[in-house]
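Each chain, written out:
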Amino acid sequence: MTSLTLPPRPPGSPPLAHAWQTLADGLLTQRLHLHLDEWRAAVAEEQALPDVPGADVSVLAQRPAPLPAGHESATALLEDAELGFWWELPQRHGAESRNRRGALRRAADTAAQKLLAEQPGAAWSDAVTAVSSAAAWWVGFFAVIRHRGVHHNTLEPHPGPLHEQALGTAVSVVAHGMATRVLEAALRNSDDAPALRAAYCRAVEAGICAEPGLPRLVDELAELRLVDLVSTTARWRGRFTKYNGGTGAGQVE
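Keep in mind the model is a prediction, meaning the values are calculated, not measured.

## Some thoughts on the packing of helix H3 (residues 72-80) against helix H6 (residues 123-144)
Helix packing for two helices is described by the angle between their axes and how far apart those axes are.
1) Next: Their axes nearest at 8 Å, the elements H3 and H6 cross at an angle of 65°. Crossing hand, H3 versus H6: right-handed. In this structure, H3 uses Ser73, Ala74, Leu77 and Leu78 to contact H6, whose residues at the interface are Ala123, Trp124, Asp126, Ala127, Ala130 and Val131.
2) Next: When the residues that make up the contact of H3 with H6 are grouped by side-chain class, the tally is eight nonpolar, one polar and one charged.

This is the structure we're talking about:
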């Protein structure tokens, strides 16, 4: 029996983890477009979700707050972090705000505030706030259509009920993961920024502290699209487990 020897990667090719992240981002965008009409119909109905008791669909669907005036530097940083889509799609498709901040939005704001530690005004801090706010919308998007999804392991339909608190935890995890990507991009272009380095350290620390609870959170979320969103965004050892095993890329779609 001969062993399989893989050819070396071409010089200058991205690390495998970066390629998997690109795959995860692409699948996330694909799923949004595949289910956008379904989501819009559910939002228009404004009916209670059968699997998330007490959740307000209109609040889950709210468009994130816009970036401050003169946000060109923050937008450029989002593009450098390959997160332009993450911010732009909620702005394009999100519902009008009704001046109400639900549990997911509060979780996103808290995550950003803890990382920034009162460091407003810089492009990187605006970008962190933006991706954190968008995290609430993305989690809310898949929560609205969760009851029509399948279990992430068994692929059986109708995953069981879910408490909104678990969605808030998911928002925090996703916000920290996306903020880490923004801060890494900012650090690549910064010579000396102590506040930026401190924010990055806080983001890494948040990921380390969240990791022990991630397997339980994944089990609670249960539904394939939500699980993929959280598990490929968080910085943890299970981040690309499915891809490493050769599965997990659109096995239902």
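## Looking at helix H4 (residues 84-93)
1) Next: Taken across its 10 residues, H4 has seven buried, putting it largely inside the fold.
2) Next: Residues of H4 that are buried: Gly84, Phe85, Trp86, Trp87, Leu89, Pro90 and His93.
3) Next: Looking at the buried residues of H4, the elements they touch are helix H1 (16-45), H3, H6, helix H7 (164-188) and helix H10 (224-233).

## Quick notes on the packing of aromatic side chains
1) Next: One pass over the full model with this rule turns up 10 aromatic pairs.
2) Next: Taking 5.1 Å as the distance between ring centres and 10° as the angle between the ring planes, the aromatic pair formed by tryptophan 86 and tryptophan 138 counts as stacked. With tryptophan 86 in helix H4 and tryptophan 138 in helix H6, this residue pair connects regions lying 52 residues apart in the sequence.
3) Next: Given the relative accessible area of 0%, tryptophan 86 is considered buried.
4) Next: For the ring pair tryptophan 137 and phenylalanine 141, a centre distance of 5.3 Å and an interplane angle of 40° mean the geometry is tilted. Here tryptophan 137 and its partner phenylalanine 141 are both found in helix H6, four residues apart, which amounts to about one turn of the helix.
5) Next: Chaining the aromatic ring pairs together yields one cluster made of Trp39, Phe85, Trp86, Trp137, Trp138, Phe141 and Phe142.

Calculation rules
Residues numbered from 1 in each chain as written. Predicted model: local features only at pLDDT ≥ 70, side-chain atom pairs only at ≥ 80, totals over all residues. Heavy atoms only, no water. Axes fitted to C-alpha atoms, helices over the stretch in contact; angles between N-to-C directions. Helix = DSSP H or I, 4+ residues; strand = E, 2+ residues; numbered from the N terminus. Left-handed = near helix turned anticlockwise from the far one by under 90°. Contact = heavy atoms within 4.5 Å. Nonpolar A, V, L, I, M, F, W, Y, C, P; charged D, E, K, R; others polar. Buried < 20%, exposed > 50% of the residue type's maximum accessible area, 1.4 Å probe, protein only. Phe/Tyr/Trp six-rings, centres within 6.5 Å; stacked < 30°, edge-to-face > 60°.

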